[in-house]
Amino acid sequence: MRILTYPDAVLRAKAEPIQNIDEAIQKLVDNMCKTMYSSMGIGLAANQVGELKRILIYDVTQTKAGPNPSVLINPEIILTEGDIVQEEACLSVIDFSADVRRKERIKVRGVDKDGNPLDIEAEGLLARCLQHEIDHLNGVLYIDHISTLKRALYNKRLKKIMKRAASSKGKKM
Ligand code: NI
């Protein structure tokens, strides 16, 4: 699947809750996992592949044991504690990273890929990843949390990057 990138409007839309986890949803989850691993990501929200459904996947374990994706459907943050600033990047925001303030510890409620209720208590990278992906489901990008000046500078740089990409389009190399 192709990952949409900023400033694609789909990334700004709010994803809809899932009523019924059917075969199509299972297939979407499988495809999202493949896409996340092939892009070397640690998290992916359905919006990023153009599906406005409240699904996120993640794998922050980064072990050599192989892929171990977790799936969270209809997630909601029900508790937060503390604040922490750390660097973040996103598969949908090319060639950029920035410090972002997030909640240090969170509790998230949702259901797993079989529809079973799931409560996750998270801190560290997992807490950050879950907040980042839940933001995606609400049409929010991490660059919305940085200063207006930093975002303006990125927008300027992105325009140059896209212009460069466009000028080589259709040329055989
Ligand atoms: Ni992201």
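Scroll up to find the structure.
Draft legend 1. Fine view of the pattern of salt bridges. Using the criterion set out here, one finds 10 salt bridges in the structure. The partner of Arg-157 in a salt bridge is Asp-95, and the shortest N-O contact between them spans 3.2 Å. Taken together, the positions of Arg-157 in helix α3 (residues 148-167) and Asp-95 in strand β4 (residues 93-111) put the pair 62 residues apart, joining distant regions of the chain. On the accessibility criterion, Arg-157 (34% relative accessible area) is partly exposed. Of the charged contacts, one joins Glu-104 and Arg-105 as a salt bridge, the two residues approaching to 3.9 Å between their closest N and O atoms.

Draft legend 2. A look at the coordination of the nickel ion. Bound to the nickel ion on the protein side are Cys-90 (SG), His-132 (NE2) and His-136 (NE2), at distances that span 2.1 to 2.2 Å. In terms of primary sequence, the donors binding the nickel ion are separated according to C-x41-H-x3-H. In this pair, His-132 and His-136 are both assigned in helix α2 (residues 124-137), 4 residues apart and thus about one turn of the helix distant. Comparing His-132 with His-136, the two get one shared label, buried.

Draft legend 3. Up close: helix α1 (residues 23-38). With 16 residues, α1 should reach 22 Å at 1.5 Å per residue; the first-to-last C-alpha distance of 23 Å fits that figure. For α1, the complete set of buried residues consists of Ile-25, Leu-28, Val-29, Met-32, Cys-33, Thr-35 and Met-36. Seen from one end, α1 has its buried residues packed into an arc of 165°, which puts them on one side. Exposed residues pointing more than 90 degrees away from the buried face of α1 are listed as Glu-23, Ala-24, Lys-27, Lys-34 and Ser-38. Lining the buried residues of α1 we find β1 (43-45), β2 (55-58) and β3 (70-90). For α1, the N-terminal cap is Asp-22; the gap from its side-chain oxygen to the backbone nitrogen of Ala-24 is 3.3 Å. Met-40, located one to two residues past α1, shows a positive phi value of around 60°.

Draft legend 4. Layout of the layout of surface pockets. Approximately 290 Å³ is the volume found for the largest pocket. Lining the largest pocket are 16 residues; nearest its centre among them are Ile-42, Gly-43, Ala-89, Cys-90 and His-132. Where the lining of the largest pocket is concerned, the elements lending two or more residues are β3 and α2. Broken down by element, the residue count for the lining of the largest pocket peaks at 5 residues, all from α2. Here the residues of the lining of the largest pocket are counted per class, giving 7 nonpolar, 5 polar and 4 charged.

Draft legend 5. Highlighting α3. For α3, with 20 residues, the first-to-last C-alpha span of 29 Å sits near the 28 Å given by 1.5 Å per residue. Looking only at α3, the buried set comprises Tyr-154, Leu-158 and Ile-161. The buried residues of α3 occupy an angular sector of 65° when projected down its axis, which confines them to one face. Of the residues in α3, the exposed ones pointing more than 90 degrees away from the buried face are Thr-148, Leu-149, Leu-153, Lys-156, Lys-159, Lys-160 and Lys-163. Summarising the contacts, the buried residues of α3 are in contact with β4.

Draft legend 6. Highlighting the sheet that holds strand β5 (residues 117-123). The 5 strands are arranged β1-β2-β3-β4-β5 in an open sheet whose pairing can be described as antiparallel. Unpaired on one side and paired on the other, β1 and β5 mark the two borders of the sheet. Direction aside, the axes of adjacent strands within the sheet are offset by 40° on average. Summarising the sheet, β3 and β4 pair through 13 bridges and their orientation is antiparallel. Each bridged residue has a counterpart across the sheet, and for Leu-79 the counterpart in β4 is Lys-107.

Cut-offs applied
Residues numbered from 1 in each chain as written. Predicted model: local features only at pLDDT ≥ 70, side-chain atom pairs only at ≥ 80, totals over all residues. Heavy atoms only, no water. Salt bridge = Lys/Arg side-chain N within 4 Å of Asp/Glu carboxyl O. Helix = DSSP H or I, 4+ residues; strand = E, 2+ residues; numbered from the N terminus. Buried < 20%, exposed > 50% of the residue type's maximum accessible area, 1.4 Å probe, protein only. Donors = N, O, S within 2.8 Å, 3.2 Å for Na, K, Ca; no water. Expected span 1.5 Å × (residues − 1). Arc of directions from axis to C-beta. Contact = heavy atoms within 4.5 Å. Polar contact = N/O pair within 3.5 Å; in protein donor to acceptor, adjacent residues only side chain to side chain. 1 Å grid on protein atoms, 1.4 Å probe; cavity = no way out; pocket = protein on both sides within 12 Å on 5 of 7 lines; lining within 4 Å. Points joined across faces, edges and corners; volume = space filled by probe spheres on them. Nonpolar A, V, L, I, M, F, W, Y, C, P; charged D, E, K, R; others polar. Pairing = 2+ DSSP bridges. Axes fitted to C-alpha atoms, helices over the stretch in contact; angles between N-to-C directions.

Any link to function would need more than the numbers given here.
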